[in-house]
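One-letter residues, chain by chain:
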Amino acid sequence: MAPADAHTDAGTGPAPQADTGAEDTLDLELSEEILALFGEDPPDTEAPHLPPGAPASPSSPAPSVPGGAGSALRARPAVSRAAASELLDHPADWRPVTTPAGVFQLVPVRLERDLAVLTRWMNDPAVAAFWELAGPEAVTAAHLRPQLEGDGRSVPCLGVLAGIPMSYWEIYRADLDPLARHYPARPQDTGIHLLIGGVHHRGHGVGTTLLRAVADLVLDNRPRCARVVAEPDLRNTPSVSAFLSAGFRFSAELELPEKRAALMVRERIHRAQL
């Protein structure tokens, strides 16, 4: 799994109580899409045939929540570029949005262009405490490559505000992530991880503004997605507070391999009220 947060907005107070609503419990039948991506045969159908020597795609990016690298899936069958681009409905094509903080856009990461700035952010102590990726550029590159070279279930992006790169985001299919083993995932659940890179953008409500904007981007551009989820470290009170202020609700505490997390959920059906 991957870090979901690091220093968004300031907030204090006790951990919120879990929402125990029945909407988070259901019997989930895995679709053929999910079964194929996890290397399982769909019921009553033949397994997809790969030509001899066809490579398996890399396993999913390590982290899914703040607190360090998590468990990786076993190797998956190769997925075509067209199929991969549809897993998240083409984030590269999502248009800029106007927010109270300025015009904001998600720009997919290019390693040769963005590695230096991302490495600098990962070495900020406030970020490193939750992402655990401090070190030379090779450390950051090793975190990015499985996503950039993978099957498209996680897309790393720069957050560009008023023309300035100032945050890092991972938009990922939570229902296809190891996170799905720890909560009642639904098909097309979409997760977000983020960090605010610039110190001057922290603690002024910018994180909350951008969390709301990115959740809206997901719901606007992914019509099959009913929920946006995140799993910040429970110790990261400013991050949990920012998610709550951005219209997410606290659903449960999760015991993940690398941390104890707050499962935060923003639902399409409640969008007009939040």
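Conventions adopted
- Residues numbered from 1 in each chain as written.
- Predicted model: local features only at pLDDT ≥ 70, side-chain atom pairs only at ≥ 80, totals over all residues.
- Heavy atoms only, no water.
- Core = buried A, V, L, I, M, F, W, Y, C linked by side-chain atoms within 4.5 Å.
- Buried < 20%, exposed > 50% of the residue type's maximum accessible area, 1.4 Å probe, protein only.
- Helix = DSSP H or I, 4+ residues; strand = E, 2+ residues; numbered from the N terminus.
- Pairing = 2+ DSSP bridges.
- Axes fitted to C-alpha atoms, helices over the stretch in contact; angles between N-to-C directions.
- Contact = heavy atoms within 4.5 Å.

1. Considering the nonpolar core
Okay, step 1: The biggest cluster of nonpolar side chains holds 33 residues, and the ones touching the most others in it are L106 and I192.
Okay, step 2: Where this core is concerned, the elements lending two or more residues are β2 (102-108), β3 (154-161), β4 (164-173), β5 (190-196), α6 (206-221), β6 (227-230), α7 (237-245) and β8 (259-267).
Okay, step 3: In this structure, L111, L115, V127 and F130 belong to the second largest nonpolar core, which totals 17 residues.

2. Section: the sheet that holds β4
Okay, step 1: Spatial strand order, β1-β2-β3-β4-β5-β6-β8-β7: eight strands in an open sheet with mixed pairing. Edge strands, defined here as strands with exactly one partner in the open sheet, are β1 (97-99) and β7 (249-256). Taken over all neighbouring pairs, the strand axes of this sheet differ in orientation by 30° on average, direction set aside.
Okay, step 2: Of the strand pairs in this sheet, β2 and β3 are connected by five bridges, and their pairing is antiparallel. Within β3, the position partnered with Q105 by the bridge is V160.
Okay, step 3: Contacting β2, β3, β4 and β5, helix α3 (residues 111-122) crosses the sheet at an angle of about 90° to β4.
Okay, step 4: Lying over the sheet, α7 contacts β5, β6, β7 and β8, oriented at roughly 10° with respect to β8.

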